[in-house]
Amino acid sequence: LIFGDSQGNPKTAVAIYSQNKSLKKIHGTFVYLSGPALAVKPLAQQDNILMISATVDPSITFDSRNIIRPYYSFGHEGNAVLKVIEEKKPKKIAVIYSTDSATAYEVEKIVLPGIKKMGIPHEVQSYKVGERDFRNQVVIIKRSKPDMILCYGFGSDLPFLVGTLREQNVFEGVFITGPIGVADAIPSETTKPFIGMYYFGPTFMLKEYENKKVDLLSGGE
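Residues numbered from 1 in each chain as written. Predicted model: local features only at pLDDT ≥ 70, side-chain atom pairs only at ≥ 80, totals over all residues. Heavy atoms only, no water.

Undergrad: For this particular structure, what's the right way to read the pattern of salt bridges?
TA: When charged atoms on two side chains of opposite charge get close, those side chains can pair. On inspection of all chains with the given rule, the structure shows 3 salt bridges. Of the charged contacts in the structure, one is a salt bridge between Asp 47 and Lys 21, with a shortest N-O distance of 2.9 Å. Note that Asp 47 is positioned in helix 2 (residues 34-47) and Lys 21 in helix 1 (residues 10-23), a separation of 26 residues in sequence. Residue classification places Asp 47 among the partly exposed positions, given a relative accessible area of 23%. A salt bridge links Arg 135 to Asp 133; its shortest N-O distance comes to 2.8 Å. Accessibility expressed as a relative area gives 39% for Asp 133, which makes it partly exposed. (Salt bridge = Lys/Arg side-chain N within 4 Å of Asp/Glu carboxyl O. Helix = DSSP H or I, 4+ residues; strand = E, 2+ residues; numbered from the N terminus. Buried < 20%, exposed > 50% of the residue type's maximum accessible area, 1.4 Å probe, protein only.)

This is the structure we're talking about:
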């Protein structure tokens, strides 16, 4: 086994893959996060090796014979988020999301239609993958005075977004965002900074799944 840390950066993931390949023949690769996984996918396909990808984007397996994705999907996450929104009954919601095809699918096809169906007023802002200056979007969100903020994007982008939300003193309203992005933006040895946040993950990570108290196919978030 050869380990490498892409730090959520697709270019770094490609560099690590290429470096490992030059050292020794690779028989398979395990890639975390959507951005790095999408970047490594064509290389793994070209080399005709097994690729296991931990990403919520189901489209990564499309047109591929060598990729396994042992993870839940954007659709499950979006519906789970809507269930909690329905329980919390916020008066106004702000949504900021990446326009990459995978993230946009969850937000535009599932989350936003669900929020509209509930009749909840909402402010929506978007950004492109790799963006680092979020001041304009966050200022607009702040002015809308939401009591819940949904943040979506790759782990490589979220630390910068979270940092801007903190600078503008609106971070306390954040409801859902990539856990990796939050952890990178708020280095901490305790869970205190993350109180009130929800983490959405696959059911096989839960103790209840081992006890057969939850159904893997139900989403389980």
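Undergrad: Explain the sheet that holds strand 2 (residues 50-54) to me, please; I cannot follow it from the model alone.
TA: Two modes of strand pairing occur in sheets, parallel and antiparallel, and in both the strands are linked by backbone hydrogen bonds. Taken together, 3 strands build an open sheet; the order of strands is 1-2-3 and the sheet is parallel. Strands at the two margins of the open sheet, each flanked by one partner only, are strand 1 (28-32) and strand 3 (67-68). Bridge count for strand 2 against strand 3 is 2 bridges, and the pairing is parallel. Bridged to Ile 52 within strand 3 is Ile 68. Each of strand 1, strand 2 and strand 3 touches helix 2; the most contacted strand, strand 1, lies at about 165° to it. (Pairing = 2+ DSSP bridges. Contact = heavy atoms within 4.5 Å. Axes fitted to C-alpha atoms, helices over the stretch in contact; angles between N-to-C directions.)

Undergrad: Just checking my understanding: could you explain the packing of helix 3 (residues 74-88) against helix 4 (residues 101-118) for this structure?
TA: Relative placement of two packed helices is described by the angle separating their axes and the distance separating the axes. Where helix 3 meets helix 4, the axes come as close as 9 Å, and the angle between the chain directions of the two elements is 30°. Classified by the angle their axes make, helix 3 and helix 4 are roughly parallel. Relative to helix 4, the crossing made by helix 3 is right-handed. Residues Phe 74, Gly 75, Glu 77, Gly 78, Asn 79, Leu 82, Ile 85 and Glu 86 of helix 3 form the contact with helix 4, whose own contacting residues are Ala 102, Thr 103, Glu 106, Ile 110, Val 111, Gly 114, Ile 115 and Met 118. Considered class by class, the residues forming the contact of helix 3 with helix 4 number 8 nonpolar, 5 polar and 3 charged. (Parallel < 35°, antiparallel > 145°, perpendicular 65-115°, else oblique. Left-handed = near helix turned anticlockwise from the far one by under 90°. Nonpolar A, V, L, I, M, F, W, Y, C, P; charged D, E, K, R; others polar.)

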